[in-house]
Amino acid sequence: SSSGDYTSILVSTPAPGVSQITLNRPKALNALNSTLFHEINAALRTLSTDDSVGAVVLTGSDKAFAAGADIKEMKDKQFAEVYAGDFLAHWTELSGFRKPIIAAVSGYALGGGCELAMMCDVILASPTAVFGQPEINLGVIPGAGGTQRLTHAIGKSRAMEIVLTGRNFSAQEASEWGLVSRVVPEGQSVVDEAVKVAGKVASKSRIAVQAAKEGVNSAYELSLAQGLHLERRLFHQLFATNDQKIGMKAFAEKQKPKWTHS
Ligand code: CO8
């Protein structure tokens, strides 16, 4: 579907090869209800088959990346309904998207909002970003990666403190702990910076980028030996591409490579 069909997100093209998805439920601080998530999935499905798109920026507003799953939508649900219907299982679709997603986080990234950012490949934060997994304050626990991806990213003791106390943490802490790749300096737009990173990624060979993402992600799933094996096989496979020939030839001839993405 075209971006005109969406009610809770905006889709734009801020730079060549870059698509931007902006969460747009300002009155609810971008709380993630099912409409919003289905729209993210639909947009990504379209972008996945659009050869002009090399990378995606996912962002919210200055005040909120996303303040979590929509509590008002969840509050009256019963066990049988959430279990039988596998409530929120559709949230996992984004993590299977094969092009890089750069999250640009300003303001609140809480609960499902923090988990959504962690499903992305790179997180950039503005100094105003506030992260947290406050689910414990609602009588539940994180359900979309907060006990898993956060622990991988920042370690057990810190993840335990955050998940058990429900306290928020700052952009500065997120950066020191390695959850975000960096905090953009005050006065600089985190979205502009994310578009720059995405633009740079989009300027590379798409097929090499895809293999690189697959390789890094496998570090979270496989043993070191299996991961190194997969990495070497992916590396070998790239010798079957035109872009490997183009890239290495261009280097040897001191030229700029013109990728064919094949
Ligand atoms: N859900 C629904 N509505 C929300 C949410 C939310 N998560 N967050 C904010 N809103 C709404 C508020 O209700 C308010 O609406 P209204 O104007 O109609 O009263 C509006 O947004 C503005 O919010 P506030 O007035 O509260 O704004 P403040 O600036 O005073 O406070 C806060 C901002 C601190 C972010 C506050 O809104 C807040 O604490 N929000 C809730 C944060 C939270 O608990 N998030 C976790 C939710 S649970 C979750 O994400 C579980 C994910 C599980 C995934 C499982 C997958 C299988």
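Residues numbered from 1 in each chain as written. Predicted model: local features only at pLDDT ≥ 70, side-chain atom pairs only at ≥ 80, totals over all residues. Heavy atoms only, no water.

**Student:** Now, about the sheet that holds strand 3 (residues 55-59): what can you tell me, with residues and values included?
**Tutor:** Taken together, six strands build an open sheet; the order of strands is 1-2-3-5-7-10 and the sheet is mixed. One side of each edge strand has no neighbouring strand; the edge strands of this open sheet are strand 1 (9-15) and strand 10 (182-183). One ladder, built from two bridges, connects strand 7 (residues 122-125) with strand 10; its direction is parallel. Following the sheet pairing, Leu 124 is matched in strand 10 by Arg 182. Along the sheet, helix 1 (residues 34-48) contacts strand 1, strand 2 (18-23), strand 3 and strand 5 (101-105); its crossing angle with strand 2, the most-contacted strand, is approximately 175°. (Pairing = 2+ DSSP bridges. Helix = DSSP H or I, 4+ residues; strand = E, 2+ residues; numbered from the N terminus. Contact = heavy atoms within 4.5 Å. Axes fitted to C-alpha atoms, helices over the stretch in contact; angles between N-to-C directions.)

**Student:** Quick rundown of the side chain of Arg 206? Include the residues and the values.
**Tutor:** With respect to the helices and strands, the residue Arg 206 is situated in helix 9 (residues 206-218). Apart from the residues within four sequence positions on either side, Arg 206 is in contact with Gly 17, Asp 51, Ser 52, Val 53, Gly 54 and His 261.

**Student:** Pulling in residues and values, what's your account of the sheet that holds strand 6 (residues 108-110)?
**Tutor:** The mixed open sheet is built from four strands, whose spatial order is 4-6-8-9. The open sheet has two edge strands with one neighbour each: strand 4 (64-66) and strand 9 (169-170). Pairing between strand 6 and strand 8 (residues 130-132): three bridges, direction parallel. What sits directly across from Tyr 108, in strand 8, is Val 130. Each of strand 4, strand 6 and strand 8 is contacted by helix 4 (residues 112-119), which is oriented at about 90° to strand 6, the strand it contacts most.

**Student:** Account for the pairing of strand 5, naming residues and giving values.
**Tutor:** Counting buried positions over the five residues of strand 5 gives five, a clear majority of the element. Burial along strand 5 is two-sided: Ile 101, Ala 103 and Val 105 facing one way and Ile 102 and Ala 104 facing the other are all buried. The pairing of strand 3 with strand 5 spans four bridges and is parallel. Note on strand 5: the bridge partner recorded for Thr 59 is Ala 104. As paired elements, strand 5 and strand 7 share four bridges and run parallel to each other. Counterpart to Ala 104 in the pairing with strand 7 is Leu 124. (Buried < 20%, exposed > 50% of the residue type's maximum accessible area, 1.4 Å probe, protein only.)

**Student:** How would you sum up the environment of Leu 228? Please name residues and give values.
**Tutor:** Checked against the element boundaries, Leu 228 lands in helix 10 (residues 224-237). When the C-alpha positions of Leu 228 and Asp 121 are compared, they lie 20 Å apart, and in sequence the two are 107 residues distant.

**Student:** So, a nonpolar patch on the surface: which residues are in play, and what are the values?
**Tutor:** On the surface, Ile 71, Leu 138 and Val 140 cluster together to form a nonpolar patch covering roughly 260 Å² of accessible area. Looking at the secondary structure, you find Leu 138 in the loop between strand 8 and helix 5 (149-154). (Patch = residues over 30% accessible without salt bridge, like charges linked within 9 Å, V, L, I, M, F, W, Y side chains within 5 Å. Areas by Shrake-Rupley, 256 points an atom, 1.4 Å probe, with all protein chains shown as cover. Salt bridge = Lys/Arg side-chain N within 4 Å of Asp/Glu carboxyl O.)

**Student:** Lay out the packing of aromatic side chains with the relevant residues and their values.
**Tutor:** Ring pairs (aromatic) are described by centroid distance and by the angle formed between their planes. Using the criterion set out here, one finds five aromatic pairs in the structure. Residues Phe 79 and Tyr 83 carry aromatic rings whose centres are separated by 5.2 Å and whose planes lie at 15° to one another, so their mutual orientation is stacked. Within this pair, Phe 79 and its partner Tyr 83 are both found in helix 3 (residues 79-84), separated by four residues, close to a single helical turn. Across the pair, exposure class does not vary: Phe 79 and Tyr 83 are exposed alike. Here the aromatic rings of Phe 235 and Phe 239 are separated by 5.3 Å at their centres, their planes lie at 70°, and the arrangement is edge-to-face. On the accessibility criterion, Phe 235 (49% relative accessible area) is partly exposed. Grouping aromatic residues by their ring pairs yields a cluster made of Phe 131, Phe 169 and Trp 177. (Phe/Tyr/Trp six-rings, centres within 6.5 Å; stacked < 30°, edge-to-face > 60°.)

**Student:** I'd love a proper account of the pattern of salt bridges, names of residues and values included.
**Tutor:** Summed over the entire model, instances satisfying the criterion amount to ten salt bridges. Measuring nitrogen to oxygen at the nearest pair gives 3.5 Å for the salt bridge that ties Glu 81 to Lys 77. With relative accessibility at 27%, the residue Lys 77 sits in the partly exposed group. For Arg 167, the salt bridge identified is with Glu 161, shortest N-O distance 2.9 Å. Each of the salt bridges in this network shares a partner with another, and the network as a whole consists of Glu 161, Arg 167 and Glu 173.

**Student:** So what's going on with the environment of Lys 245? Residues and values would help.
**Tutor:** Looking at the secondary structure, you find Lys 245 in helix 11 (residues 242-252). Its relative accessible area of 46% is what places Lys 245 among the partly exposed residues.

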